[in-house]
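Residues per chain are reported as follows:
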Amino acid sequence: MDTQLAQISALSQKDKGPACIALIPEILARPDPTILVADLHKLVDTVVNQDSIGLVVGRQVLSELVKILGEGSIKDVELRKRVVEDTLTTVQPRIVSYEEQVNTLRFQLADLLEEEEDWSEAARVLMGISLELISDPERLKIYVRIVRLLLEEEDSVQAETYYNRAALLVHSGMDDRETILQFKLCQARINDYGRKFLEAAGRYHELSYVGEIDEEERRHMLLAAVTCAVLAPAGPNRSRVLASLYRDERTLDLPTYNILSKMFLDHILRPAEVKDFEKTLKPHQLAKIAISSNDRLASAGQYDAPAGMDEPATSTRTGPATVLDRAVMEHNLLASSQIYNNITFGGLGALLDLTPGAAETMARKMIEQGRLRGSIDQVDKLIWFEGNREEDDAQGKAGGLGEVEEAEDTGAPFTKRWDTQIRLTAANVESIVQHLTEKGLVRVTAVA
């Protein structure tokens, strides 16, 4: 090999390129992998690092080698990876002169590493690509691919950095449907890892309708949307997302439909149901959450039950331990507001498996954030719940009674609430009878 390279060096400048290019197939045809790698290294080192060859010839030869490697002339994947890595290492000192060729080699190496599911190494290789000569749409593709690879490795912190870069270029790739869909999926997953479950649920659900995506993938996204909606903070915004998912007929076939329906219908979740759901979660969705020192002190305070009340045994837990814990406790607190007019701190603590102080703290925060309608009476140690008047009116009309006349304003809030509950119960009973009649399960007999 050394003799052949010496002979090429003695040729005229215009003959050096064709002579070096002619050596490439000859070297790649050698049966011994060790000799193949060594000889190819000598060729690349000669054309790239020796001034006698020249930059023009070096680019011609390296471009031809990159092209041949890209065509899959080396069938052995490990050998091909070795050759690409060795070529990149050899060219590194002169990388400024061979940016285009080096970028192509990095793409090839990233493809090989991705096939081996070495996600982090593939992402690292793509990060080394020089972007100065690349257009904005191509740059967007590279950033999105890096984000996708980092998320496969569950490195959400670094993935978010490259996602932010991609977000600045997303306008340039609007014509590339595939890249935009990948960007939106990355956005959903970044929100998921960042515990922005409400935004993640909305984006997952949106993508689950896209026809270009494989049906199994769409089902997976719908499942992810339900999971994120369940983990989202309880409140009106989550209720809207839950309603959208509950009305989607495809969710009936999901294993998480039971917990979805219970959350949408404001039913209290039982520990066994939560345990079953917990088994479907990913590690980042089971992350521990810290309780602030102020909340810990408030939760651990001494609790004296109101006089004349038989309080249940109190728990020793001072707050939720995981994201799922918090979501379930907040949901059960909202669900209890649909059942009770008021509840003691101790009673709520028993329901949520928290100390009375921790239950009060959770209710206080939800009321402050506008996610729970109610007030706290710290003298009597009671939480008073306020019904959503607009929702109540809507439910009454939906039962078939039409416009229901408002009860006379007696000035007594409890009397008004009692009247409203009677009105709602009557409207719901009528709605049930109508459905049963339509199905032929009930006969209505005319009264003479």
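Residues numbered from 1 in each chain as written. Predicted model: local features only at pLDDT ≥ 70, side-chain atom pairs only at ≥ 80, totals over all residues. Heavy atoms only, no water.

**With respect to unusual backbone geometry**
You will see that Glu154, though not glycine, has its phi angle at about 65 degrees, which is positive. Positionally, Glu154 belongs in the loop between helix H8 (136-152) and helix H9 (156-169). For Arg195, which is not glycine, the phi torsion reads 65 degrees and is therefore positive. Looking at the element boundaries, Arg195 is found in the loop between helix H10 (177-193) and helix H11 (197-207). (Helix = DSSP H or I, 4+ residues; strand = E, 2+ residues; numbered from the N terminus.)

**Digging into the pairing of strand E2 (residues 374-377)**
Bridging between E2 and strand E3 (residues 382-385) involves four bridges; their strand directions are antiparallel. Within E3, the residue paired with Asp377 across the bridge is Leu382. (Pairing = 2+ DSSP bridges.)

**Here we look at a nonpolar patch on the surface**
A grouping of Val429, Ile432, Val433, Leu436, Leu441 and Val442 is seen on the molecular surface, where their side chains present a nonpolar patch of about 480 Å² in accessible area. With respect to the element layout, Leu436 can be found in helix H21 (residues 413-438). (Patch = residues over 30% accessible without salt bridge, like charges linked within 9 Å, V, L, I, M, F, W, Y side chains within 5 Å. Areas by Shrake-Rupley, 256 points an atom, 1.4 Å probe, with all protein chains shown as cover. Salt bridge = Lys/Arg side-chain N within 4 Å of Asp/Glu carboxyl O.)

**Topic: the sheet that holds E2**
On the basis of which strands lie adjacent, the open sheet formed by three strands has the order E1-E3-E2 and antiparallel pairing. Looking along the sheet, the strands with just one partner apiece sit at the ends: strand E1 (342-344) and E2. Across the sheet, the axes of successive neighbouring strands diverge by a mean angle of 20 degrees, strand direction being ignored. (Axes fitted to C-alpha atoms, helices over the stretch in contact; angles between N-to-C directions.)

**Description of a negative patch on the surface**
Taken together, the side chains of Asp214, Glu215, Glu216 and Glu217 define an acidic patch exposed on the protein surface. Mapping Glu215 onto the fold places it in helix H12 (residues 215-231). (Lys, Arg positive; Asp, Glu negative; His and termini not counted. Charge placed at Lys NZ, Arg CZ, Asp CG, Glu CD.)

**Overview of the packing of H11 against helix H13 (residues 236-246)**
Helix packing for two helices is described by the angle between their axes and how far apart those axes are. With their axes 10 Å apart at the nearest point, H11 and H13 run at an angle of 25 degrees to one another. The orientation of H11 with respect to H13, classified from their angle, is roughly parallel. Considering the relative orientation of H11 and H13, their crossing is left-handed. Together, Leu198, Ala201 and His205 of H11 and Asn237, Arg238, Val241, Ser244 and Leu245 of H13 make up the contact between the two elements. Looking at side-chain class alone, the contact of H11 with H13 contains four nonpolar, three polar and one charged residues. (Parallel < 35°, antiparallel > 145°, perpendicular 65-115°, else oblique. Left-handed = near helix turned anticlockwise from the far one by under 90°. Contact = heavy atoms within 4.5 Å. Nonpolar A, V, L, I, M, F, W, Y, C, P; charged D, E, K, R; others polar.)

**Considering the confidence of the model for the protein chain**
The predicted model of the protein chain averages 83 in pLDDT, with 86% of residues at 70 or higher. Contacts for the low-pLDDT stretch residues 389-412, under 50 throughout, to residues beyond four places or in other chains number 26 contacts. (pLDDT = per-residue confidence, 0-100.)

**Points about the side chain of Gln101**
Residue placement: Gln101 occurs in helix H6 (residues 99-115). Residues within four places of Gln101 in sequence aside, it is in contact with Arg59, Leu62, Ser63 and Val66.

**What about empty space enclosed by the protein?**
In total, this model carries two cavities of 30 Å³ or more according to the counting rule given. Computed from the structure, the largest cavity encloses a volume of approximately 40 Å³. Lining of the largest cavity is provided by Val37, Leu40, His41, Val44, Val83, Asp86 and Thr87. Elements with a contribution of two residues or more to the lining of the largest cavity: helix H3 (33-49) and helix H5 (77-91). Across the lining of the largest cavity, the residue classes tally to four nonpolar, two polar and one charged. Roughly 30 Å³ of volume is contained in the second largest cavity. In terms of lining residues, the second largest cavity is bounded by Arg189, Asp192, Tyr193, Tyr204, Lys282 and His284. The element best represented in the lining of the second largest cavity is H10, accounting for three residues. Of the residues contributing to the lining of the second largest cavity, the split by class is two nonpolar, one polar and three charged. (1 Å grid on protein atoms, 1.4 Å probe; cavity = no way out; pocket = protein on both sides within 12 Å on 5 of 7 lines; lining within 4 Å. Points joined across faces, edges and corners; volume = space filled by probe spheres on them.)

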